[in-house]
Amino acid sequence: MPIISNSIQNNTGGGNSAGVSRTRTFRSGNSTVSLQEGQTLKGVVSDIHGNQITLSMEDGSSFTGKLPDANQYSIGQKAAFQITGLDNNTIYMKAISGAYLLDMEDTIEQALEEAALPKSDRNLEVVRSLLQNQQSISRENILSAIRLCAQYPDSDVNSVITMQRLHLPMTPESVRQFSDYQNQTHQILYQMDSLTDSIADMMNTIGNQVPRLSKMVADQILNLALEGEASYEEQALARRIEEESAQSLLSESEEQESELANTQETEPSEQETVSSTPLARMKQIFTNITDSVSNSITSSAAETTVQEAPPLIHEQAGFVLSEQERLEFADLLSDFSLSEETLDQLKDGSITARNLLTQLKESFPDLSEEQAGKLLTSKGFQSLVKEQFLSGWTLSPEQLKSKANVEELYTKMSHQFQELSSFSEKVFGKDIFSQVSNQANHMQDNLDFMRTLNDTFQYIQLPLKLQNQNTHGDLYVMTRKEALRKDPKNLKVLLHLDMEHLGTLDIQIARENTSISTKFYVAKEDTKHLLEKNIELLSDAINEQGYAFTSELLLKEKDVDIVNDFIAADAPVGNITRYNFDLRA
């Protein structure tokens, strides 16, 4: 592994071209250095740029040389090289195996000493971050980094320096978001819980302390919560109910036809002609309804036996509230202008939050202040409002099939977060519920930062709605945008999921033309066994689409680090200023 110096000039008046001298003197800047074959040079790697490496030696001199494996070294690393040959203008060297490292903390302190800068905690952290980011630790670069970090005194130093290296736009909000992503506290799904809890606290305060404002606050909150169309699951539920109603009507028609055939004394052939036409039409209607429903809920219902009730969806009261909570809430609403059918559906849990909240909103003109205050402070109302917001902020696996659904979700969230951030001021004229506005602002900043990331990196958070839980997901497109534009048929993505029972799950999917390969990284052995038993289902489904499919199931060693494993991966280190790091100052 030779290093060929290209910056040290021969200081001799000539040389013996017939042979290689055992000792030579070279000029390095304003100083000279005498080198001998077999001599070991020790120093600190002070700069790396491509295959060029700058070594600052222990005697204070420094030089730059070419090293094919320069990227195996780090700035601040102490390295040792042996001289294998000396020529007029070239030094031939090789790295000594087992080259030693200077302790990072020693390097940090030494760099500050040489730069004549105080060893404050902040300065130490600046140099530490420069080393971690493979940045130059010259005096000029340290001073520049200190000045940059001073612009964000409340922010994490490493976030600021890393963002600068990645050329990400910096504002106090974006730096804070970047810190959240570094610390793995960026998950918007869990921030949703905090925001909706704050909304519940606000309603509780209004209902208890100023009930005269309860109807106005409830009306404004429901206007936001009920925005947009019903969720995919709600629409499927409505179709299922229509199907069941049609089936019930069909059964009644068949019974009536049978009774009519037994009681009338008309000719059998005539009776058959008269009654078969409407019956045939009803059957055709039912068939059309059945054929038009192609979703998991309807499929599940088709397979459900008479004894089995179909599973509740997130939006139904039975999923959100316990039986006791539903009964207590129904008792509270018994004085409201709601139908008995609505109250019965609340008790059995079949009514959706959207349906019940819409009816409650329509009843507001008839409510007294006392009733409105009790409504706002009731556990049932608060829980259903929370679920209605969460339903609008999450995606089912079926919705992930369309990119438009994801875009629509984030457009909707952005609008509602902006509305909630100014809700208090719009309703009361001043921000007296800062917890709601602060959390909504923070979530909006999260969305804005994701947009910033997507200018360079293809990444998005996926707040997912599964059958029994909401879960956080991260979708990383590991193939960079430029490469994907050149060859869209070659793609590599990573889906990260935090599952309640399965644990964390990383699914790496690679497509190359008509071949698809997957690697499942699981945290628990039980999860691995479960996937092994069911992987053929996935294989068959993908093969049916015309793709060749392979898969591996592996135990994961660590979680995905969005900054270090994804954003920083393959990112350019940037232009490192060349310098001589004089260890003697």
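Presented here is an overview of the structure given in this document. Note that this is a predicted model, so its numbers are computed, not measured.

If you tally the helices and strands in the protein, you get 22 helices and 15 strands. Taking the intrachain contacts of the protein between residues at least 6 apart in sequence as the baseline, contacts between residues at least 24 apart amount to 61%. Of the roughly 29900 Å² of accessible surface on the protein, a fraction of 47% belongs to carbon and sulfur atoms.

This part covers the pattern of salt bridges. In this structure the tally under the stated criterion is 20 salt bridges. Between E244 and R240 there is a salt bridge; the shortest N-O distance is 3.8 Å. With E244 and R240 both in helix α8 (residues 232–263), this residue pair falls 4 residues apart, about one helical turn.

Our next topic: the packing of aromatic side chains. Evaluation of the coordinates by the stated rule reveals 7 aromatic pairs. Aromatic pair Y181 and F449: ring centres 5.2 Å apart, planes at 55°, arrangement tilted. In this pair, Y181 sits in helix α5 (residues 172–182) while F449 sits in helix α19 (residues 434–453), placing the two residues 268 residues apart along the sequence. You can call F449 buried: its relative accessible area is 2%.

Moving on: unusual backbone geometry. The backbone phi angle of H167 is positive, close to 60°, even though this residue is not glycine. Mapping H167 onto the fold places it in the loop between α4 (157–165) and α5. Note on H167: relative accessible area 60%, which makes it exposed. Phi is positive for Q184, close to 60°, though the residue is something other than glycine. Within the element layout of this structure, Q184 appears in the loop between α5 and α6 (188–209).

Before going further, it helps to examine the sheet that holds strand β11 (residues 470–477). Read from one edge to the other, the open sheet built from 6 strands follows the order β10-β11-β12-β13-β14-β15, with strand pairing classed as mixed. The open sheet has two edge strands, β10 (458–465) and β15 (548–555), and neither has a second partner. Within this sheet the neighbouring strands show an average axis-to-axis angle of 15°, counted without direction. Alignment of strand β14 (residues 515–522) against β15, held across 8 bridges, turns out to be parallel.

Once that is clear, we can look at helix α15 (residues 369–377). Since the α-helix turns once every 3.6 residues, residues separated by three or four places project in the same direction. Taken as a whole, α15 has its buried residues at Q371, A372, G373, L375 and L376. Its buried side turned inward, α15 meets α6, α7 (214–225), α12 (323–332), α14 (353–363) and α16 (379–392).

Turning our eyes to something else, we now look at the pairing of strand β5 (residues 40–49). The buried count for β5 comes to 7 of 10 residues, which makes it a mostly enclosed element. Two strands pair when backbone bridges link them, and β5 and strand β8 (residues 78–86) are joined in this way by 5 bridges, in the antiparallel orientation. Looking at the pairing, G43 lines up with A79 of β8. Of the pairings in the sheet, the one linking β5 to strand β6 (residues 52–57) comprises 6 bridges and is antiparallel in character. Looking across to β6, one finds that D47 is bridged to T54.

What counts and how
Residues numbered from 1 in each chain as written. Predicted model: local features only at pLDDT ≥ 70, side-chain atom pairs only at ≥ 80, totals over all residues. Heavy atoms only, no water. Helix = DSSP H or I, 4+ residues; strand = E, 2+ residues; numbered from the N terminus. Contact = heavy atoms within 4.5 Å. Areas by Shrake-Rupley, 256 points an atom, 1.4 Å probe, with all protein chains shown as cover. Salt bridge = Lys/Arg side-chain N within 4 Å of Asp/Glu carboxyl O. Phe/Tyr/Trp six-rings, centres within 6.5 Å; stacked < 30°, edge-to-face > 60°. Buried < 20%, exposed > 50% of the residue type's maximum accessible area, 1.4 Å probe, protein only. Pairing = 2+ DSSP bridges. Axes fitted to C-alpha atoms, helices over the stretch in contact; angles between N-to-C directions.

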